[in-house]
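Residue-level structural notes
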Amino acid sequence: MMQQGVQIDLISEERLSELTSMEKIHMILDNVRDGRIVILEKGLNPEEQSRLIEMTMREILPDGFNGIEIETYPTRDDAPGFLRRLLGKTTRESRLTVIGPANQLRMIRKDRDMISAWVSSR
Amino acid sequence: MSIFVRAKSRVSKFLMAFFRKRRSRIGIYGPPNAGKTTLANRIARDWTGETVGPVSEIPHETRRALRKQDITITGNNGSTITIDIVDTPGVTTKIDYKDFIEYGVAKDEAVIRAREATEGVAEAMHWLREDIDGVIYMLDSTEDPFLQVNIMMIGIIESRNLPVIIAANKIDLPDASPQRIKSAFPQHPVISISCTEGKNIEELYEQMVNHFG
């Protein structure tokens, strides 16, 4: 009997740094379409995220893959400072990011320092 | 045509291309239901007498990036800008046709709407990375700015050094708090507006002339 469950891939910053942007995006999307949860030690930059969303949209099919859930931590400052830095000139570093299939991964709660997610098997 | 006439024509086209002020493409971005299409329609109606797209309660009513070209806005001191307004779909990472069915749309139509919505979001992402010259970032002033802001989109705006105006919309509603949005974005112009009532819309136009001109 086949064991039921969800595969979670935790990918280190070192491994990610060896990949080009397109390689990262393809790896994420291929894994997520296979029903896996991908956790990146260091998240994508805004351009990469935007390309990931663009490619995700092109993969969506009726009664098939319907997209992704993606969540990451904000920067470490408190809210006003966070938003000030967000639109200021400082460089923001991407942080741990969780990505999964939209029909299996559901974000329950997000805080500045905690993300709660619910994962179901297919 | 003589060689002199051809040469004159070429020089004329070159000079026209060189000196003609390029129109700026201003994208209206923001979360779903912040009032992006309502603003695009108001701008287009106020300055051209036409509209951009329909507004409704059904999610993803704007399913393609809709462009209204050649809108000339005049400021109080008489200076003008000519822009193309690009009304974009609310950015999302998932689209399921069944969500449309919940709003009473038939299945065949829901599948079509879902496909159009995916194309629209992809297009909006592409526009922001490649083709937009300035952004009006719409936020709902009745909601917490921290929960509405899209870090990725702000990151792209920042990395491309695009001029941005934050529009704190829905100030006509009783629980609106545009001050929260102003506090959250101290380094950028924040204009409190009501797109449906037109409140402070002149102030937005003035800011657009100053900021995008």
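Residues numbered from 1 in each chain as written. Chains lettered and ligands numbered in written order. Predicted model: local features only at pLDDT ≥ 70, side-chain atom pairs only at ≥ 80, totals over all residues.

What to know about the environment of glutamate 116 of chain B
Residues and elements named next belong to chain B.
- Take glutamate 116: it is sitting in helix H4 (residues 107–130).
- For the pair formed by glutamate 116 and histidine 60, sequence separation is 56 residues and the distance between their alpha carbons is 9.1 Å.
- Residues within four places of glutamate 116 in sequence aside, it is in contact with Arg63 and Arg64. (Helix = DSSP H or I, 4+ residues; strand = E, 2+ residues; numbered from the N terminus. Contact = placed C-beta atoms within 7 Å.)

A short note on the packing of helix H2 (residues 21–33) of chain A against helix H3 (residues 46–59) of chain A
Residues and elements named next belong to chain A.
- The geometry of H2 relative to H3 is characterised by a closest axis approach of 10 Å and an angle of 45° between their N-to-C directions. Between H2 and H3, the angle falls in the class oblique. Pair H2 / H3 crosses with right-handed handedness. Each of Ser21, Lys24, Ile25, Ile28, Leu29 and Arg33 in H2 lies in contact with H3, whose residues at this interface are Glu48, Arg51, Leu52, Met55, Thr56 and Glu59. (Axes fitted to C-alpha atoms, helices over the stretch in contact; angles between N-to-C directions. Parallel < 35°, antiparallel > 145°, perpendicular 65-115°, else oblique. Left-handed = near helix turned anticlockwise from the far one by under 90°.)

Digging into the packing of H3 of chain A against helix H6 (residues 151–159) of chain B
- Following both chains from N to C, one finds H3 of chain A and H6 of chain B inclined at 125°, their axes separated by 8 Å at the closest point. Considered as vectors, H3 of chain A and H6 of chain B are oriented oblique to each other. Relative to H6 of chain B, H3 of chain A is oriented so that their crossing is left-handed. On H6 of chain B, the residues touching Pro46, Glu47, Gln49 and Ser50 of chain A of H3 of chain A are Met152, Gly155, Ile156 and Ser159 of chain B.

Details of H4 of chain B
- For H4 of chain B, built from 24 residues, the straight-helix expectation of 34 Å at 1.5 Å per residue is met to within 8% by its first-to-last C-alpha distance of 34 Å.
- Restricting attention to buried positions, one finds in H4 of chain B the residues Ala110, Arg113, Ala114, Ala117, Thr118, Gly120, Val121, Ala122, Ala124, Met125 and Leu128 of chain B.
- In this structure, the buried residues of H4 of chain B make contact with H3 of chain A together with strand E1 (24–29), helix H3 (97–101) and H6 of chain B. (Expected span 1.5 Å × (residues − 1). Buried ≥ 20, exposed ≤ 12 C-beta atoms within 10 Å, placed from the backbone.)

Observations regarding helix H8 (residues 201–212) of chain B
Residue and element names in this part refer to chain B.
- Here H8 spans 16 Å end to end across twelve residues, near enough to the 16 Å set by a 1.5 Å rise per residue.
- Listing the buried residues of H8 in full gives Leu204, Met208 and Phe212. Taken down its axis, H8 places every buried residue within 45° of arc, on the same side.
- Summarising the contacts, the buried residues of H8 are in contact with E1, strand E2 (66–74), strand E3 (80–87), strand E4 (134–140), strand E5 (164–169) and strand E6 (190–192). (Arc of directions from axis to C-beta.)

As for the sheet that holds strand E1 (residues 8–11) of chain A
Residue and element names in this part refer to chain A.
- In space, the four strands of this open sheet follow the order E1-E2-E4-E3, with mixed pairing throughout. The sheet terminates laterally at E1 and strand E3 (68–72), the two strands that pair on one side only. The average undirected angle you get between the axes of adjacent strands in this sheet is 15°.
- For E1 and strand E2 (residues 37–40), the ladder comprises four bridges, and the chain directions are parallel. Each bridged residue has a counterpart across the sheet, and for aspartate 9 the counterpart in E2 is valine 38.
- On top of the sheet, H2 reaches E1, E2, E3 and strand E4 (97–101); it is set at about 45° to E4, its chief contact. (Pairing = 2+ DSSP bridges.)

With respect to the nonpolar core
Residues and elements named next belong to chain B.
- Counting residues in hydrophobic clusters, the biggest one holds 73 residues, and the most contacted among them are Ile85, Tyr137, Ile166 and Ala167.
- Examining the composition of this core, we find that eight residues originate from one element, H4, more than from any other.
- The contacts of isoleucine 85, once residues within four sequence positions are left out, are Ile26, Ile28, Ala40, Ile43, Ala44, Val52, Lys68 and Ile71. (Core = buried A, V, L, I, M, F, W, Y, C linked by C-beta atoms within 7 Å.)

Digging into the confidence of the model for chain B
- Across chain B, pLDDT averages 86, with 88% of residues at or above 70.
- Per the prediction output, this complex has pTM 0.77; the corresponding ipTM is 0.82. (pLDDT = per-residue confidence, 0-100.)

Topic: the sheet that holds E5 of chain B
Residue and element names in this part refer to chain B.
- Spatially, the six strands line up as an open sheet ordered E2-E3-E1-E4-E5-E6, and their pairing is mixed. Strand pairing shows two members of the sheet lacking a second neighbour, E2 and E6, which therefore form its edges. Ignoring which end each strand starts from, the neighbouring axes of this sheet average 25° apart.
- Relative to E5, E4 runs parallel, the two being bridged by six bridges. If you follow tyrosine 137 over to E5, its bridge partner there is isoleucine 166.
- Packing against the sheet, helix H2 (residues 36–48) makes contact with E1, E2, E3, E4 and E5, and its axis sits at approximately 50° to E2.

Here's the deal with the interface of chain A and chain B
- On the side of chain B, 31 residues touch chain A, which itself brings 27 residues to the contact.
- Of all the secondary structure elements, the ones that give two or more residues to the side of chain A that touches chain B are H3, E3 and helix H4 (79–86) of chain A.
- In terms of residue count, H3 of chain A provides more of the side of chain A that touches chain B than any other element does, nine residues in total.
- Classifying every residue of the side of chain A that touches chain B gives 14 nonpolar, seven polar and six charged. (Nonpolar A, V, L, I, M, F, W, Y, C, P; charged D, E, K, R; others polar.)

Thoughts on the pairing of E3 of chain B
Residues and elements named next belong to chain B.
- Bridge count for E1 against E3 is five bridges, and the pairing is parallel. Note on E3: the bridge partner recorded for arginine 25 is aspartate 84.
- Direction of pairing for E2 relative to E3: antiparallel, over a ladder of seven bridges. Within E3, the position partnered with leucine 66 by the bridge is aspartate 87.

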